[in-house]
Amino acid sequence: MRGADMKIAGLRPTIAITSGEPAGIGPEIAIRAAWAMREQVNCVLIGDAAFLAMTAHQIDPEIRLAALSLEALRISGLPHFGPGRLVAIDVPVAAFVTPGVLDPENGRSVLATLDAALEGINAGWFEAMVTAPLQKSTINDAGVPFSGHTEYLAEKTGTARVVMMLAGQTEAAATDAQPLRVALATTHLALKDVPAAITQESLGTTLDILQHDLRHKFAIANPRILVTGLNPHAGEGGYLGREEIDVITPALQAAQARGIDASGPYPADTLFQPKYLAQADCVLAMYHDQGLPVLKYATFGRGVNITLGLPLIRTSVDHGTALDLAAQGTGLADCASMEHAIKIALQMVLASRTGSIA
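In this report, the structure presented in the accompanying data block is examined.

**A look at the environment of G158**
Mapping G158 onto the fold places it in the loop between helix 7 (149-157) and strand 6 (163-168). Residues G158 and P311 lie 153 residues apart in sequence; the distance between their C-alpha atoms is 9.4 Å.

This is how it looks when you write it as structure tokens:
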């Protein structure tokens, strides 16, 4: 039964989960979270099926995996199994996997899992993709220039600009409280390159993407966006830099004229307070380490990485491969962030279907 038919039939939404760097904790947390969520979501694992089956048995012998090949799916589509088993689409590794030990020979197979997820979304097999952490260095060592999931998916889908947003529930917040959401005007750039990358045009495009996806993928009718400055104290009226005056404020004024509820620029060191965040659906920070340390401190283990602007739904965990934990065997890794990533992807799928968060 193909993806479009599954929607009509009202079956559990089907979400692809790439298993990430095989030597890290990705395979374990993908299996654990998929098994925990199996009643709500038809989670389809993508990775080396034999390695996933071995890992699943180590986690819990009761976990059942059904291995399928991409070739079979291309012929007959994706079967929809019940919650008693997980599907694993086989994307074989090139070299034997030793947990905790990186091998560049497996770099291209990690990328192949992303390609398989994209193929499945285009074919209607999946309604979203969730990605386990990968090791950028291994892919680069395999001879493939690679800066991250976000940039790779943008290139593969022909998306001119994407926005990286992390979201998570703070430990003190009620479970039904609004999550903290932090989006970035720039992503994986050296700090010295950030000011030149922030232009009125790029900020305008970022705000347009935030407005669109918060409305259509999160069902927030009128998103409220708070925007940080670039410099300390938001430039101190020009004494600590003029980017706020020359770039950020004009971009905000233009966005406001387009109907976007975006305000600022605010000093980043005082913006992240409950009294301000309560009035916002999202904070737009100017660079990676301006906004994300705050979010990760407040939500680590419950944070989710979301790529906005893509013609698909993609979420991920808020942590890395944890090779040291993987080297010690199964049972030590925490799958909470992966489970939250699946839940957010599910919410986004339902919002895009019905216009409301379930």
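**Side note on unusual backbone geometry**
G264 connects to P265 through a cis peptide bond whose omega is -5°. As for its position among the elements, P265 is in strand 9 (residues 261-266). Phi angles above zero are rare outside glycine, and A219 is one such case at about 55°. With respect to the secondary-structure elements, A219 resides in the loop between helix 9 (200-216) and strand 8 (224-228). Judged by its relative accessible area of 26%, A219 is partly exposed. Not every positive phi belongs to a glycine, and A322 is a case in point at roughly 50°.

**Here we look at the sheet that holds strand 10 (residues 282-285)**
Strand order in the open sheet formed by 12 strands is 3-4-2-1-5-12-11-6-7-10-8-9, and the pairing between neighbours is mixed. Strands with a single pairing partner mark the edges of an open sheet, and in this sheet they are strand 3 (65-68) and strand 9. Strand-to-strand twist of the sheet, defined as the mean angle between neighbouring strand axes without regard to direction, takes the value 25°. Here 4 bridges tie strand 2 (residues 42-47) to strand 4 (residues 86-90), and the two strands are oriented parallel to one another. By the bridge assignment, G47 is partnered in strand 4 with D90. Of the strands in this sheet, strand 6, strand 7 (180-184), strand 8, strand 9, strand 10 and strand 11 (304-308) are in contact with helix 9, which crosses strand 10 at around 160°.

Quick notes on the rules
- Residues numbered from 1 in each chain as written.
- Predicted model: local features only at pLDDT ≥ 70, side-chain atom pairs only at ≥ 80, totals over all residues.
- Heavy atoms only, no water.
- Helix = DSSP H or I, 4+ residues; strand = E, 2+ residues; numbered from the N terminus.
- Buried < 20%, exposed > 50% of the residue type's maximum accessible area, 1.4 Å probe, protein only.
- Pairing = 2+ DSSP bridges.
- Axes fitted to C-alpha atoms, helices over the stretch in contact; angles between N-to-C directions.
- Contact = heavy atoms within 4.5 Å.

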